[in-house]
Amino acid sequence: MLWDVHMHTMFSGDSEADPEDMIRAGIKEGLCGLCFTDHEDLDYPDDDVFEIDFNTYFPHMKRLKEKYKDKIEVLCGMELGLQTHLADIHKELLDKYDFDFVIGSSHLVHGVDPYYPEYYKDRSEKEAYLEYFESIYENIKAYDGFDVYGHLDYVVRYGPNKDKDYTYEGYKDIIDEILKLLISKDKGIEVNTAGLRKGLKCTNPCTDIIKRYLELGGQIITLGADAHRPSDVAYKFNETAELLKSLGINKLCVFKNRIPNFFAIS
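What counts, and where the lines are drawn
- Residues numbered from 1 in each chain as written.
- Predicted model: local features only at pLDDT ≥ 70, side-chain atom pairs only at ≥ 80, totals over all residues.
- Heavy atoms only, no water.
- Helix = DSSP H or I, 4+ residues; strand = E, 2+ residues; numbered from the N terminus.
- Buried < 20%, exposed > 50% of the residue type's maximum accessible area, 1.4 Å probe, protein only.
- Phe/Tyr/Trp six-rings, centres within 6.5 Å; stacked < 30°, edge-to-face > 60°.
- Lys NZ or Arg CZ within 6 Å of the ring centre and 35° of its normal.
- Salt bridge = Lys/Arg side-chain N within 4 Å of Asp/Glu carboxyl O.
- Lys, Arg positive; Asp, Glu negative; His and termini not counted.
- Contact = heavy atoms within 4.5 Å.

(A) Just unusual backbone geometry, in detail. Across the junction of Asn204 and Pro205, the peptide omega takes the value -5°, indicating a cis bond. Here Asp186, not a glycine, exhibits a phi torsion of approximately 60°, which is positive. For Asp186, the location among the structural elements is in the loop between α5 (172-184) and β6 (188-192). For Asp186, a relative accessible area of 63% translates into the label exposed. One non-glycine residue, Arg258, adopts positive backbone phi at about 70°. Here Arg258 lies in the loop between β8 (251-256) and β9 (259-264). Among the residues examined, Arg258 registers a relative accessible area of 26% and is labelled partly exposed.

(B) Structural view of the packing of aromatic side chains. Within this structure, the stated rule accounts for 23 aromatic pairs. Where Tyr115 meets Tyr116, the ring centres are 5.0 Å apart and the plane angle is 85°; that geometry is what we call edge-to-face. A centroid spacing of 6.1 Å and a plane angle of 75° characterise the contact between Phe146 and Tyr149, whose relative ring orientation is edge-to-face. For Tyr149, a relative accessible area of 0% corresponds to the buried category. An aromatic cluster is defined as three or more aromatic residues linked by ring pairs; in this entry it consists of Tyr115, Tyr116, Tyr129, Tyr132, Phe133, Tyr154, Tyr158, Tyr166 and Tyr171. The aromatic ring of Tyr119 is capped on one face by Arg123, whose charged end is 4.3 Å from the ring centroid.

(C) Region of interest: the pattern of salt bridges. A complete count under the given rule lists 18 salt bridges for this structure. Between Asp176 and Arg212 there is a salt bridge; the shortest N-O distance is 3.2 Å. Note that Asp176 is positioned in helix α5 and Arg212 in helix α7 (residues 207-215), a separation of 36 residues in sequence. Each of the two residues, Asp176 as well as Arg212, counts as buried. Here the salt bridges share partners, and the residues they tie into one network are Glu20, Asp21, Arg24 and Lys67.

(D) Spatial organisation of the side chain of Asp41. With respect to the helices and strands, the residue Asp41 is situated in the loop between β2 (33-40) and α2 (54-67). Buried charge without a salt bridge: Asp41, with Arg157 as the nearest opposite-charge side chain at an N-O distance of 11 Å. In this structure, Asp41 is in contact with Phe50, Glu51, Gly81 and His107, ignoring residues within four places of it in sequence.

(E) A look at the side chain of Thr9. Looking at the element boundaries, Thr9 is found in the loop between β1 (3-4) and α1 (19-28). Sequence-distant contacts of Thr9, defined by excluding residues within four places in its chain, comprise Ser15, Ala17, Pro19, Met22, Phe36, Asp38 and Met61.

Keep in mind these values describe shape, not function.
Shown next, in the form of structure tokens:
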């Protein structure tokens, strides 16, 4: 019985999905529960808006939680887009609202999203990937009020060659520093299956990073499909669960009221 704890709806700037349709998809996939984690990416450039209307968000999700309580457990969180200069604002935000779960992610590298080709202009792919990882370390040093770090090697989804030439070993020094920092702060990592949906050979982060997190003593791992539409919910969860078990991971984590709860992978 698995949980999908990373999904987006019409409350995110990049999704039009009805939350109720996402819940129905979760029920169809046989999930035990799910958590909505809509985007809160303050100070996103251009005209894109990734800010949640919390006055509408919480009441809406509360109604759905009650409506489907006999079929599936519904939790309400967010994916927080980290930037160093937003640390104080993020703290105020989390002090103001009650979330079940907060994913910390880096979608912007010094103001530019690696989703767009301009991020890779006039430099090598390796330089672009390295700056992304270095920015993650900066972001975590500046603010650590989240629960798990999301899709740690997100950048490889959109690089010119994606993960063709990418390996953990190629960025080992900075990735190890990131993992050590997360573990020292009792933070987890998520295994995000959207990488598979985007044509990568494995999840975000890649298998070697998951192994290294375990080797360094990390214990908190969540599973999410990063769904932006109902058909994405629980994408390749059965295969991923088998992979995780092969790595010696027998329990995954779900946060409720910001408290980690562990359940066995069946």
